[in-house]
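Listed below, chain by chain, are the residues.
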Amino acid sequence: MTLFVDASALVAMIAGEPDGEALMVRLMADPDPLWSAMTEWETVLALCRSYRYQIERARQEVRDTATAAALRRVDIGNDESQVALDAYARYGKGRHDAKLNMGDCFAYACARTNNAALLYKGDDFARTDLR
């Protein structure tokens, strides 16, 4: 099954977090991994905020990783928007133990609409119906 890559996984890989290497192995085994503009934005933001990367360095690291992993960008359109809103209603922060934020809701939506498994770090998505 194709993987949709969440920003949490990309941050772990780029920043060299302990589980980053295992996530990279899973990503590189996928022949057609997916991501979105939202994933790119959220990854750059997290690297700047959590790891104090300068924005240009973060952007370059994300671009380099996307190229190395042959990530294919999927569009976010009406279907993804509606599924993201449904995800918020069902699993959103303040509504459910999964505590999905906006980026999480869009990652959920992109995985769902592209029939993809979600590659992520943490346990928030494990509390949803994605497998």
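Look a little higher up for the structure.
All values derive from a computational prediction rather than experimental measurement.

Enquirer: Outline the packing of helix H5 (residues 78-91) against helix H6 (residues 102-113), listing residues and values.
Expert: For the pair H5 and H6, the least separation of the axes is 8 Å and the interaxial angle reads 125°. The orientation of H5 relative to H6 falls into the category oblique. In the crossing of H5 with H6, the sense of the turn from one axis to the other is right-handed. Residue-level contacts link Asp79, Glu80, Ser81, Val83, Ala84, Ala87, Tyr88 and Tyr91 of H5 to Cys105, Phe106, Tyr108, Ala109, Cys110, Arg112 and Thr113 of H6. Taken together, the residues of the contact of H5 with H6 break down into 10 nonpolar, 2 polar and 3 charged.

Enquirer: Kindly report on the pattern of salt bridges, identifying the contributing residues and their values.
Expert: Inspection of the entire model under this criterion finds 9 salt bridges. Here Asp32 ties to Arg72 by a salt bridge, and the two come within 2.7 Å at their closest N and O atoms. One end of the pair, Asp32, is in the loop between helix H2 (20-28) and strand S2 (34-36); the other, Arg72, is in strand S3 (residues 72-74), with 40 residues separating them in the sequence. What makes Arg72 partly exposed here is its relative accessible area of 41%. Across the pair Glu61 and Arg57 runs a salt bridge, and its minimum N-O distance is 3.9 Å. A residue pair is termed a helical-turn pair when its members lie 3 or 4 positions apart in one helix, as Glu61 and Arg57 do in helix H4 (residues 55-68) at 4 residues. What makes Arg57 partly exposed here is its relative accessible area of 46%.

About the cut-offs
- Residues numbered from 1 in each chain as written.
- Predicted model: local features only at pLDDT ≥ 70, side-chain atom pairs only at ≥ 80, totals over all residues.
- Heavy atoms only, no water.
- Axes fitted to C-alpha atoms, helices over the stretch in contact; angles between N-to-C directions.
- Helix = DSSP H or I, 4+ residues; strand = E, 2+ residues; numbered from the N terminus.
- Parallel < 35°, antiparallel > 145°, perpendicular 65-115°, else oblique.
- Left-handed = near helix turned anticlockwise from the far one by under 90°.
- Contact = heavy atoms within 4.5 Å.
- Nonpolar A, V, L, I, M, F, W, Y, C, P; charged D, E, K, R; others polar.
- Salt bridge = Lys/Arg side-chain N within 4 Å of Asp/Glu carboxyl O.
- Buried < 20%, exposed > 50% of the residue type's maximum accessible area, 1.4 Å probe, protein only.

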